[in-house]
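These are the residues of each chain, in order.
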Amino acid sequence: MSVRRLAPKEQQPESFAFSEENLAWARKQIAQYPEGRQASAAIAILWRAQEQHDGWISEAAIRTVADMLDMPYIRMLEIATFYTMFQLQPVGRKAHIQVCGTTPCRLRGAEDILAVCKSRIHHEPFHLSKDGDFSWEEVECLGSCVNAPMVLIWKDTYEDLTKENFGKVLDGFASGQPPKPGPQIDRQFSAPVGGLTTLNTAAKGDGGRRSAAQPALTDADAKKPTDSASRRESPMPKPPADDATRKGKT
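### Some details on the overall build of the protein
Counting its secondary structure elements, the protein contains 8 helices and 5 strands. Walking the protein from its N terminus toward its C terminus, one meets helices and strands in the order α-α-α-α-β-α-α-β-β-β-α-β-α. For the protein, restricting intrachain contacts to residue pairs at least 6 apart in sequence, the fraction spanning at least 24 positions comes to 61%. Accessible surface computed for the protein: about 16800 Å², of which carbon and sulfur atoms make up 52%.

See below:
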């Protein structure tokens, strides 16, 4: 992992304070843990601080959360610098793009997505675009390998990307109308591209009512147990063993 440091002093605000709504939310999170275990709320409250502070964590915010949880500043700093979900310097106002750069995404075209970021945002990661609206970085696996290549923007993933449709994703954020998260091609979640490849023929005995394009079971259908699944098969009981004292006797 690369060394992660706080933003330079000239970029740091002098103070940080939660809004009334976020402060009430943070106190509710702390109350969920028993006395002496309030530090368990650190990650959740740091994340809320980042959301309030334009998508990045300042030193003042780290100190504020540490005071709320009665934790040493160094411990809260360790958390903020360890987890890459926390941005330690200013990010794009409209979008910070995290591009997955691990093997599946690389094989499926992540290089093209990185090229778009370099040409449209900045040729180096962790730098703001000229208008300050966008920034980007390359990260490790984001868990959508079957829909590679993909990016994470704030909380949402955008998958099955190409140069063309990723450009449209950026256009949507630029105009204030982000596209729907998930696959950016015509498929549902991680379903096969082009439709079903299995369970696409009529089942025996259904009279051909199910066409090739219909799944065997839709999301709305409940799975029904069959008779064989409900039947309990028990082994045949063994006869009792003969009394050992009677062996050899007639």
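Resuming the write-up.
### Quick word on a nonpolar patch on the surface
Taken together, Ile43, Phe82, Tyr83 and Met85 make up a surface patch of nonpolar side chains, about 340 Å² in accessible area. Here Tyr83 lies in the loop between helix H4 (73-82) and strand S1 (95-100).

### Some details on the state of the cysteines
By definition, a disulfide is the covalent link that joins the sulfur atoms of two cysteine residues. Scanning all chains against the criterion turns up 0 disulfides. Take Cys105: it sits in no disulfide, and the sulfur closest to it among the cysteines is that of Cys100, at 3.5 Å. By relative accessible area, Cys105 is classed as buried at 2%.

### Side note on the nonpolar core
The nonpolar side chains of soluble globular proteins are, as a tendency, buried together. Counting residues in hydrophobic clusters, the biggest one holds 22 residues, and the most contacted among them are Ile45, Leu46, Ala49, Val65, Leu69, Met76 and Ile79. Elements supplying a minimum of two residues to this core: helix H1 (20-31), helix H2 (42-52), helix H3 (59-68) and H4. Here the element with the most residues in this core is H3; it accounts for 5 residues. One finds Ala95, Ile113, Val151 and Phe166 within the second-largest nonpolar core, a separate group that totals 18 residues.

### Considering the packing of aromatic side chains
According to the stated counting rule, one finds 4 aromatic pairs in the structure shown. With a centroid separation of 6.5 Å and an interplanar angle of 55°, the aromatic rings of Trp47 and Phe86 are classed as tilted. With Trp47 in helix H2 and Phe86 in the loop between H4 and S1, this pair connects stretches of sequence that are 39 residues apart. We classify Trp47 as partly exposed; its relative accessible area is 25%. For the pair Phe82 and Tyr83, a centre-to-centre distance of 4.9 Å together with 90° between the ring planes defines the contact as edge-to-face. Residue classification places Tyr83 among the partly exposed positions, given a relative accessible area of 34%. The positively charged end of Arg63 is found above the aromatic ring belonging to Tyr73, 4.5 Å away from the centroid.

Calculation notes
The numbering scheme is per chain: residues are counted from 1 as the chain's sequence reads. In keeping with the predicted nature of the model, local features appear solely for residues at pLDDT of at least 70, side-chain atom pairs appear and are counted solely at 80 or more, and the whole-chain, interface and lining totals rest on all residues. Excluded from the side-chain calculation are hydrogens and water; included are all heavy atoms of the structure. Strands here are runs of E lasting at least two residues and helices are runs of H or I lasting at least four, both read from the DSSP assignment and numbered beginning at the N terminus. In what follows, residue pairs with any heavy atoms lying within 4.5 Å of each other are defined as contacts. All accessibility values rest on the Shrake-Rupley procedure with a 1.4 Å probe; residue burial counts only the protein chains present in the view. Residues enter patches when their relative accessible area tops 30% and they take part in no salt bridge; the joining distance is 9 Å for like charges and 5 Å for the nonpolar side chains Val, Leu, Ile, Met, Phe, Trp and Tyr. A pair is scored as a salt bridge if a Lys or Arg side-chain nitrogen falls within 4 Å of a carboxyl oxygen belonging to Asp or Glu. The rule for a disulfide is simple: a pair of cysteine sulfur atoms within 2.5 Å. Only protein chains enter the area calculation, which uses a 1.4 Å probe; residues under 20% of their type maximum are buried, those over 50% are exposed, and those in between are partly exposed. Residues grouped as a nonpolar core are buried Ala, Val, Leu, Ile, Met, Phe, Trp, Tyr and Cys residues, joined through side-chain atoms within 4.5 Å. Classification of ring pairs rests on two measures: the distance between centres of Phe, Tyr or Trp rings, Trp counted by its six-membered ring, which must be within 6.5 Å, and the angle between planes, read as stacked under 30 degrees, edge-to-face over 60 and tilted in between. Each ring is checked for a lysine NZ or an arginine CZ that lies within 6 Å of its centre and within 35 degrees of its normal; such an atom marks a charge sitting over the ring.

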